[in-house]
Amino acid sequence: MSGRPHCSELLDVDPDEASEELTEVVCLESELKDGQMMEVEVGLHNVLLVRSEGIYSAIGNQCTHYGAPLSKGVLSGHRVRCPWHGACFNIQTGDLEEYPGMDCLPCHTVKVENNKVYVSVNKKAARQTKRIKSMGSRVEGVIHTILLLGGGSASLVCAETLRQENFGGRIIMVTRDNLLPYDKTRLSKVMNVEDDSILLRRMEFFHKHDIEVWLRKEAMSLDTEKKKVTFDDGSVQSYDQLLISTGCRAKGLECPGKDLENVKMLETPEDARQIHVACMGCHIVIVGTSFVGMEVASYMTDKASSITVIGSSELPYQKTLGPEIGKVTMMMLAEKDVAFYMNDNVSEVRGENGKVKEVVLKSGTVIPADVLIVGIGVIPNSEFLQGTPIAMDSKSSVIVDKCMRTNVLEVFCGGDLATFPLTMAKDQRVNIGHWQMAQAHGRVAALNMLNIPTELNSVPYYWTVLLGKNIRYTGYGEGYTDIVVKGKVEEQKFLAFYIKDDEVIAAASLNYDPAVSAVAERFAAGNTITKKEAESDDLRWLKLKLS
């Protein structure tokens, strides 16, 4: 039995160097049973060896997202799911099958002789842990134009998917940002971030594949009949097909003093850097106990002089992760001297010399503050769609079907702005502001633009970082009525199942990998997890490797 790489594109290997392969015996045939995988070393190269349906295959072992070891993930059929953030890769080709990764994995040759398993690694190819899928460029004479409004992950993946499918027309991505598409999930986790370190692609990439990127430009109006978009600089661009992925912006306070200096909101890398500098050694107040608010509080624990968090609910994450996890979050941050004022709101921000001095709560409490960081929700960037025939819901999100199509022909929508039917939630219409879901939206929109019928079937997967520890979450837990917890939340090692109608609809974990990825695989396969199964002491189906 042997396995040859079926990669969409080998990593620019010179024909002269193709013979420069390093071959090593990595294990005995009997060491790896069917349906198993293991990490092996070939020279200095980290490789994932898999045996599935009697066939051996070998791909890179580092997830192309943040470098997690895939050998500690979940193997299901012909794909492996990352234990950290849920990206999936085909074990035979190395191709990316689920986000949040952007790139594919290198794959290597495997052969079995005399009960020994050999893996051959091309030395030049193996120097790179990522592989960009084969992409075309613009074809002379093709006049079809696809316009992508927004510079986030939905637009980027849409553009890349179009070129991967050899679309030869014009692709224009337009963003109000002054930066190429970047990893926005990093902003609240590493706030002194440099622009260059978070770019998802560099300008050379866009030039190479003929993807036009217009920066610092915002759509002001849309004429769907004439297929034209007017921008803030007065320019007009026509299109044949349109993706709207303009996302959301931070919601500000509505109270006296809201415009004082040092009232901050986190939207861009520049915002993150300004907040980082402004908070050093200062008294800071954070309004909002969302994931972003908690991440900022966590990041600032060794930087600010004092940190106070104000929340309108009883506990952080109360509606999403539940009271148990909200309590342990407060406990973890309180141990770092973070103060909480819950069931309260800001009624006034008082200043001195134009800068924040105090934050007054509705309860009457007055909190000294040098910096006030506001994280109380978002507003959809859909004002330019008012007056168009594009259907929106009561919250001004754009309504789409499973193909990311709006009610207007050749107009698609994706990312935080879209309200869509979620397969695993029995097609309930949802709005999910997850990075990974926006990427999936972009891919599905692109394929349907090219008349390749594709429905959205991705399972939501989210993560948040708290004092260096990762809470992972998969599914859609809105409306849950019960929680089943494995492990102990107070010991910061747990797996929580969210139950509705005697079925698991979501799961969250801390220090319980790869449990959430195993649950995500069950969801992705359309398999029900019953409450009885969640309550059982037999968790072998989760493929845990816990001591």
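Definitions and cut-offs
- Residues numbered from 1 in each chain as written.
- Predicted model: local features only at pLDDT ≥ 70, side-chain atom pairs only at ≥ 80, totals over all residues.
- Heavy atoms only, no water.
- Helix = DSSP H or I, 4+ residues; strand = E, 2+ residues; numbered from the N terminus.
- Rg over C-alpha atoms; globule rule 2.2 N^0.38 Å.
- Buried < 20%, exposed > 50% of the residue type's maximum accessible area, 1.4 Å probe, protein only.
- Contact = heavy atoms within 4.5 Å.
- Lys, Arg positive; Asp, Glu negative; His and termini not counted.
- Charge placed at Lys NZ, Arg CZ, Asp CG, Glu CD.
- 1 Å grid on protein atoms, 1.4 Å probe; cavity = no way out; pocket = protein on both sides within 12 Å on 5 of 7 lines; lining within 4 Å.
- Points joined across faces, edges and corners; volume = space filled by probe spheres on them.
- Nonpolar A, V, L, I, M, F, W, Y, C, P; charged D, E, K, R; others polar.
- UniProt positions renumbered as here; feature names shortened; annotations may be inferred.
- Phe/Tyr/Trp six-rings, centres within 6.5 Å; stacked < 30°, edge-to-face > 60°.
- Lys NZ or Arg CZ within 6 Å of the ring centre and 35° of its normal.
- Core = buried A, V, L, I, M, F, W, Y, C linked by side-chain atoms within 4.5 Å.
- Salt bridge = Lys/Arg side-chain N within 4 Å of Asp/Glu carboxyl O.
- Expected span 1.5 Å × (residues − 1).
- Pairing = 2+ DSSP bridges.
- Axes fitted to C-alpha atoms, helices over the stretch in contact; angles between N-to-C directions.

Looking up the chain in an unreviewed UniProt entry gives the name Rieske domain-containing protein, with the organism given as Oncorhynchus tshawytscha.

Undergrad: How would you summarise the overall build of the chain if you had to cite specific residues and measurements?
TA: Within the chain, the secondary structure is distributed over nine helices and 37 strands. Its C-alpha atoms give the chain a radius of gyration of 25 Å, near enough to 24 Å, the size a compact globule of 547 residues would have. If one aligns the C-alpha atoms of the chain with their principal axes, the spans along those axes are about 80 × 60 × 45 Å. A burial count over the chain gives 54% of its 547 residues as buried. Across the chain, the fraction of contacts at a sequence separation of at least 24, relative to all contacts at a separation of at least 6, is 60%. Here the chain contributes 60 positively and 73 negatively charged side chains, and the mean placements of these two sets differ by 2 Å.

Undergrad: Could you give an account of unusual backbone geometry, with specific residues and numbers?
TA: Cis rather than trans, the peptide bond between aspartate 513 and proline 514 has omega equal to 0°. Tracing the sequence through the fold places proline 514 in the loop between strand 37 (503-510) and helix 8 (515-524). Located in the positive-phi region is asparagine 114, a residue other than glycine, with phi close to 50°. Turning to its location among the elements, asparagine 114 is positioned in the loop between strand 10 (107-113) and strand 11 (116-122). Classification of asparagine 114 as exposed rests on a relative accessible area of 74%. Phi is positive for asparagine 511, which is not a glycine, with a value near 55°. Tracing the chain through its elements places asparagine 511 in the loop between strand 37 and helix 8. By relative accessible area, asparagine 511 is classed as partly exposed at 41%.

Undergrad: Go over the layout of surface pockets with me, naming the residues and quoting the values.
TA: Of the voids in this model, the second largest pocket is the one considered here, and its volume is about 570 Å³. Contributing to the lining of the second largest pocket are 30 residues, with Leu96, Glu97, Glu98, Tyr99 and Arg443 lying nearest its centre. If you list the elements that add at least two residues to the lining of the second largest pocket, you get strand 7 (79-81), strand 9 (96-98), helix 1 (153-164) and helix 7 (435-449). Grouping the constituent residues of the lining of the second largest pocket by class yields 12 nonpolar, five polar and 13 charged.

Undergrad: Describe in detail the UniProt feature "domain: Rieske" (unreviewed entry) in the chain, supporting the description with residues and values.
TA: The feature "domain: Rieske" (unreviewed entry), as given by UniProt, occupies residues 24-119 in the numbering adopted here. Split by type, residues 24-119 is 0% helix and 51% strand. Its first and last C-alpha atoms lie 6 Å apart.

Undergrad: Report on the packing of aromatic side chains, specifying residues and quantitative values.
TA: Taken as a whole and judged by the stated rule, the model has eight aromatic pairs. When the ring of tryptophan 214 is compared with that of phenylalanine 231, the centres are 6.3 Å apart and the planes differ by 75°; the resulting orientation is edge-to-face. Within this pair, whereas tryptophan 214 is found in strand 14 (residues 211-214), its partner phenylalanine 231 is found in strand 16 (residues 228-231), the two being separated by 17 residues in sequence. One aromatic cluster in this structure is built from Tyr66, Phe291, Tyr317, Tyr462 and Trp463. Against the face of tyrosine 118 rests lysine 111, its NZ or CZ located 5.8 Å from the ring centre. When the ring centre of tyrosine 299 is taken as origin, the NZ or CZ atom of lysine 303, which lies over that ring, is 3.9 Å away.

Undergrad: I'd like a rundown of the nonpolar core, residues and numbers included.
TA: Leu147, Leu149, Leu222, Val229, Leu242 and Ile244 are the most contacted members of the largest nonpolar core, which has 74 residues in total. No other element matches helix 7, which puts seven residues into this core. If sequence neighbours within four positions are ignored, leucine 147 has contacts with Ile172, Val174, Val229, Phe231, Gln237, Tyr239, Gln241, Leu242 and Leu243. One finds Val309, Ile325, Ile483 and Ala506 within the second-largest nonpolar core, a separate group that totals 49 residues.

Undergrad: Report on the pattern of salt bridges, specifying residues and quantitative values.
TA: Applying the stated criterion across every chain yields a total of 27 salt bridges. For glutamate 383, the salt bridge is made with arginine 249, and the minimal N-O distance between the two is 2.6 Å. One end of the pair, glutamate 383, is in the loop between strand 28 (378-380) and strand 29 (398-399); the other, arginine 249, is in strand 19 (residues 248-250), with 134 residues separating them in the sequence. Taking the shortest distance from any N to any O, the salt bridge between lysine 531 and aspartate 482 comes out at 2.9 Å.

Undergrad: Residues and numbers for helix 7, please.
TA: Spanning 15 residues, helix 7 covers 21 Å between terminal C-alpha atoms, matching the ideal 21 Å at 1.5 Å per step. Most of helix 7 sits inside the fold, with 14 of its 15 residues counted as buried. Directly beyond the C-terminal end of helix 7, a positive phi value near 60° is found at asparagine 451.

Undergrad: Please give an account of the sheet that holds strand 20 (residues 263-265) that cites residues and values.
TA: Spatial ordering of the open sheet is given by 20-27-21-22-23, a layout of five strands whose pairing is parallel. Every interior strand has two partners, whereas the edge strands, strand 20 and strand 23 (338-341), have only one. Recorded for the sheet is a direction-independent mean angle of 25° between the axes of neighbouring strands. As defined by bridge partners, strand 21 (residues 283-287) adjoins strand 22 (residues 306-310) across five bridges and the pair is classed as parallel. Looking at strand 22, one finds that isoleucine 286 is bridged to valine 309.

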